[in-house]
Amino acid sequence: MLEVYEVFGQKASGEPHMHVGSVLAGDRELAYVLAKECFARREEYVSLWVVARRHVRKTSPEDAQMIPHTTDRRYRLGEGYRISVERWRALQARRRAEAAARDGAEP
Amino acid sequence: MAQTEVERTEAEDPRLREFEARIERGEKIEADDWMPEEYRRQCLRLILTHANSEIMGALPEGEWITRAPTLHRKLAVLAKVQDEIGHAQLIYRVAEDLAQPYGKTREDFIEDLVAGRAKFHNVFSYPAPTWADVGVIAWLVDGAALVTQSSLLETSYGPYARILKRICAEEAIHLKHGEDIVLTLAGGTEAQRAMLQGALDRWWRPLLHFFGPPDEVSPNTARAMRWRIRLKSNEEMRQQFLSRYVPKIWGMGFTVPDPGLRRDEATGRWEYSDPDWDEFWRVVKGDGPLTAKRLALRRLSHEEGRWVREALARPKAAA
Ligand SMILES: [Fe+2]
Ligand SMILES: [Fe+2]
């Protein structure tokens, strides 16, 4: 019986295997041969993986809605800390003012 | 170190030459590739020290989740602790594949950790008595960790290199979070500034220790470099850390507790006073100020979570 196999290819040693497409085949070995023919014929891959689609657990539309990105999550992201630049500037201004006050008081 | 039977046999193995040629060409070694026993052992040791440190590193900051000064800071510390435990999960998985010939799993790694048989970074044995410590940890301890981890992005062991990409991206955010806490205190009241200076004073020596002693002459290190498991020496990384952070600390108007610290303008190298390497050795061998207490806490979580792990290991358990 034919079934769908998902194909993952690695472009260079050390890179992750990325999903590139799928093939229809009677068994895993044939799926691998087909994947080589279909995907590695022109494009260069150093490694291919095939896995039967029925073994892949995918995110369903209901799941996707449940991944919550609705609350304020700036504290998790780099851009949430842009305020540090302001803080750094304010600190430098304060140090300059303190230094000026010291110099003014000395003579 | 005396060569084992395995190593002697391996030295004559034609696969060793091919393995070294692959590394020479800049190829990555994957979990199911042939590798010399010593390569596997060294990778495993490095990777387990990293994983254990992620877990132990969550503890000093975890103590501050309930005490963070604002809701925003509380969320940020909580998210960071969650990231660190997440890093440990990713890294233990890489270690499990490496340890497969020894039949070891993460349960064994954590048993080793809580029994005090495993290594983790020195810094996680020190107390974090004030909120400023939380800022200094996230800014400078994570900053030091990022120096080490980004030097490993080019490691020859592929699975580790790949997860490090993701880990380093998250560490970079931890650093910003820490820097923001530090800048807030630096721009604050005299009490806040004194608290920050106190934390810098406390953490300076452990931070210098973090990268390990400068003179690494062991044959293990030489091999780790040749096989590109590690790419930078301890001292190279410490110098990088000093170049990156000392000017910032000074620029904020704060000091570090080392009157001997200076940058040699001619060579560009930082000179620092001897930071008492005996203390470093005591701490990494398990005798740090809070090593026993933190391990006991980790052991408690491990025991209390056992029923969850057991339930998860039974795939068709009734809900
Ligand atoms: Fe981490
Ligand atoms: Fe971190």
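Structure shown above.
If you're wondering where the values come from, they're calculated on a predicted model, not measured in any experiment.

Procedures and definitions
- Per chain, residue numbering runs from 1 following the sequence as it is written.
- The naming scheme follows written order: chains are lettered A onward, ligands numbered 1 onward.
- Since the coordinates come from a predicted model, pLDDT governs what is reported: local features require at least 70, and pairs of side-chain atoms require 80 or more to be given and counted, while whole-chain, interface and lining totals use all residues.
- To get the side-chain values, take all heavy atoms of the structure and skip hydrogens and water.
- Put simply, a nonpolar core is a bunch of buried Ala, Val, Leu, Ile, Met, Phe, Trp, Tyr and Cys residues held in one set by side-chain atoms that sit within 4.5 Å of each other.
- For every residue, the accessible area (1.4 Å probe, protein chains only) is compared with the maximum for its type, and the residue is labelled buried under 20%, exposed over 50%, or partly exposed between those bounds.
- Secondary structure elements follow DSSP: runs of H or I of four or more residues count as helices, runs of E of two or more count as strands, with numbering from the N terminus.
- What makes two residues a contact is simply this: any of their non-hydrogen atoms within 4.5 Å.
- Residues enter patches when they are more than 30% accessible in relative terms and free of salt bridges; like-charged ones are connected within 9 Å and nonpolar ones (Val, Leu, Ile, Met, Phe, Trp, Tyr) within 5 Å.
- Surface accessibility in these figures is a Shrake-Rupley result with a 1.4 Å probe; residues are shielded only by whichever protein chains are displayed.
- Each reported salt bridge corresponds to a side-chain nitrogen of Lys or Arg within 4 Å of a carboxyl oxygen of Asp or Glu.
- What counts as an axis is a line fitted to C-alpha atoms, over the stretch in contact for a helix, and the angles between N-to-C directions run from 0 to 180 degrees.
- Geometric relationships in this document are graded by angle, where less than 35 degrees denotes roughly parallel, more than 145 denotes roughly antiparallel, 65 to 115 denotes roughly perpendicular, and other angles denote oblique.
- In protein, a polar contact means a hydrogen-donor-capable atom and an acceptor-capable atom, both N or O and within 3.5 Å, with residues adjacent in sequence counting only if both atoms are side-chain atoms; elsewhere, any N or O pair within 3.5 Å suffices.
- Gly is placed with the polar residues, together with every amino acid not listed as nonpolar (Ala, Val, Leu, Ile, Met, Phe, Trp, Tyr, Cys and Pro) or charged (Asp, Glu, Lys and Arg).
- Water is not part of the atom set, so a site may look incomplete; the donors themselves are N, O and S atoms within 2.8 Å of the metal, or 3.2 Å for Na, K and Ca.
- Geometry is assigned from donor-metal-donor angles: four donors are tetrahedral when every angle falls between 85 and 135 degrees, four are square planar and six octahedral when opposite donors sit over 155 degrees apart with all other angles between 65 and 115, and any other arrangement is irregular.

Undergrad: Quick question: what am I supposed to make of the nonpolar core here?
TA: One recurring pattern in soluble globular proteins is that nonpolar side chains are buried together. Membership of the largest hydrophobic core comes to 88 residues, with the highest contact counts inside it found for Tyr39, Tyr157, Trp204 and Phe241 of chain B. Of all the elements in the fold, those that place two or more residues in this core are helix H2 (14-24), helix H3 (37-62), helix H4 (71-98), helix H5 (106-114), helix H6 (131-151), helix H7 (158-186), helix H8 (190-210) and helix H10 (234-251) of chain B. Tyr39 of chain B has contacts with Phe19, Ile23, Ile29, Ser156, Tyr157, Trp227 and Ile229 of chain B, leaving out every residue within four places of it along the chain. Core analysis: the next-biggest nonpolar cluster, separate from the first, contains eleven residues, Tyr5, Ala31, Val50 and Ala52 of chain A among them.

Undergrad: Would you take a moment to explain a nonpolar patch on the surface for this structure?
TA: All names here are of chain B. On the surface, Leu71, Leu75 and Leu78 cluster together into a nonpolar patch covering about 260 Å² of accessible area. Looking at the element boundaries, Leu75 is found in helix H4. Since its relative accessible area comes to 30%, Leu75 is described here as partly exposed.

Undergrad: I tried to follow the packing of H4 of chain B against H5 of chain B on my own but got confused; where do I start?
TA: Each pair of packed helices can be described by the angle between their axes along with the distance between the axes. Residues and elements named next belong to chain B. In the contact formed by H4 and H5, the axes pass within 9 Å of each other and the chain directions differ by 110 degrees. As judged from the angle between their axes, H4 and H5 are roughly perpendicular. Facing Gln89, Tyr92, Arg93, Ala95 and Glu96 of H4, the residues of H5 in contact are Arg106, Phe109, Ile110 and Leu113.

Undergrad: Teacher, can you tell me more about the interface of chain A and chain B here?
TA: Often, the extent of an interface is quoted as the loss of accessible area on bringing the components together. Contact residues are listed per partner, giving 18 residues for chain A and 28 residues for chain B. The partner of Arg87 of chain A in a salt bridge is Asp180 of chain B, with the nearest N and O atoms 2.9 Å apart. Where chain A packs against chain B, one counts eleven residue pairs in polar contact (both at pLDDT 80 or more). Broken down by element, the residue count for the side of chain A that touches chain B peaks at eight residues, all from helix H3 (residues 83-105) of chain A. Of the residues belonging to the side of chain A that touches chain B, the class tally is seven nonpolar, six polar and five charged.

Undergrad: I would appreciate a short explanation of the coordination of the iron ion (ligand 2) in the present structure.
TA: Six octahedral donors around a metal ideally sit at 90 or 180 degrees from one another, while four tetrahedral donors ideally sit at 109.5 degrees. Residues and elements named next belong to chain B. On the protein side, the iron ion (ligand 2) has Glu84 (OE), Asp142 (OD), Glu171 (OE) and His174 (ND1) as donor atoms, found 1.9 to 2.2 Å from it. Coordination at the iron ion (ligand 2) comes from four donor atoms whose angles at the metal span 89 to 162 degrees, giving a geometry best classed as irregular. We note that the donor set of the iron ion (ligand 2) lies within a single chain, spaced as E-x57-D-x28-E-x2-H. Between the iron ion (ligand 2) and the iron ion (ligand 1), both coordinated by Glu84, there is a metal-metal distance of 3.5 Å. On the criterion of sequence distance, the pair formed by Asp142 in helix H6 and Glu171 in helix H7 is long-range, its members being 29 residues apart.

Undergrad: In this structure, what is going on with H5 of chain B? I would like to understand it.
TA: The α-helix winds at 3.6 residues per turn, so residues separated by three or four positions along the chain end up facing the same way. Residues and elements named next belong to chain B. Within the sequence span of H5, burial applies to Phe109, Ile110, Asp112, Leu113 and Val114. Its buried side turned inward, H5 meets H3, H4 and helix H12 (291-304). Just beyond H5, the residue with positive phi is Gly116, at close to 80 degrees.

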